Amino acid sequence: MIEELFCREGWLTDRMAEASTPDLLERVACEWFDLIGLTITCDCHIAPLPSIIAALRNVSRNPRLCVMVGGRIFSEDPALAVRLGANGTAPDAKVAVKVAAELVDALMIEAAD
């Protein structure tokens, strides 16, 4: 559903369902991404998230990579996203498209300054 909404808004998407961390890092190192969206389906996946986000930024071809996270735990505590190292989160797919555009635009403006 979320991928479809992003596509409708003109985003080029690349969905990697249930990708391992090494696979994800390899993909991010090989291609340019403005935004990475990670969905956390279980609280047990929270602990490694800060190191995964840091690793994504370290290998990214884009020095201003934007990372968004989603899932039930972030709906309950949106501030957790930033505490874990992400740029943001959104309560649902429609809002996620808007937030993603705002975050990427802000990073582009920052780069131009």
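All of these numbers come straight from a predicted model, not from anything done at the bench.

Caption draft 1: Quick look at the overall build of the protein. Tallying secondary structure elements over the protein gives six helices and three strands in all. Seen in sequence order, the protein has helices and strands lined up from the N terminus as α-α-β-α-β-α-α-β-α. Computed over the C-alpha atoms, the radius of gyration of the protein is 13 Å, within 12% of the 13 Å expected from 2.2 N^0.38 for a compact globule of 113 residues. Overall size of the protein, expressed as C-alpha extent along the three principal axes, is 35 × 30 × 25 Å. Relative to all contacts within the protein whose residues are 6 or more apart in sequence, the contacts with residues 24 or more apart total 60%. Summed over all atoms, the accessible surface of the protein reaches about 7100 Å², with 56% contributed by carbon and sulfur.

Caption draft 2: View of the pattern of salt bridges. Counting across every chain of the model gives seven salt bridges. Notably, a salt bridge pairs Glu-4 with Arg-8, separated by 2.5 Å at the nearest N-O pair. Placement of both Glu-4 and Arg-8 in helix H1 (residues 2-8) is noted, with a separation of four residues, approximately one turn of the helix. Residue Glu-4 is classed as partly exposed on the basis of its relative accessible area of 46%. A salt bridge links Arg-83 to Asp-77, with the shortest nitrogen-to-oxygen separation between them at 2.6 Å.

Caption draft 3: Region of interest: the pairing of strand E2 (residues 66-70). Among the five residues that make up E2, five are buried, leaving the element largely enclosed by the rest of the structure. Of the two faces of E2, the one lined by Cys-66, Met-68 and Gly-70 and the one lined by Val-67 and Val-69 are each fully buried. For the crossover that starts at strand E1 (residues 35-39), traverses helix H3 (residues 49-59) and ends in the parallel E2, the hand is right-handed. In this sheet, strand E3 (residues 88-89) lies alongside E2 in parallel orientation, the contact comprising two bridges. By the bridge assignment, Met-68 is partnered in E3 with Gly-88.

Calculation notes
Residues numbered from 1 in each chain as written. Predicted model: local features only at pLDDT ≥ 70, side-chain atom pairs only at ≥ 80, totals over all residues. Heavy atoms only, no water. Helix = DSSP H or I, 4+ residues; strand = E, 2+ residues; numbered from the N terminus. Rg over C-alpha atoms; globule rule 2.2 N^0.38 Å. Contact = heavy atoms within 4.5 Å. Areas by Shrake-Rupley, 256 points an atom, 1.4 Å probe, with all protein chains shown as cover. Salt bridge = Lys/Arg side-chain N within 4 Å of Asp/Glu carboxyl O. Buried < 20%, exposed > 50% of the residue type's maximum accessible area, 1.4 Å probe, protein only. Right-handed = clockwise from strand over helix to strand, strands pointing away. Pairing = 2+ DSSP bridges.

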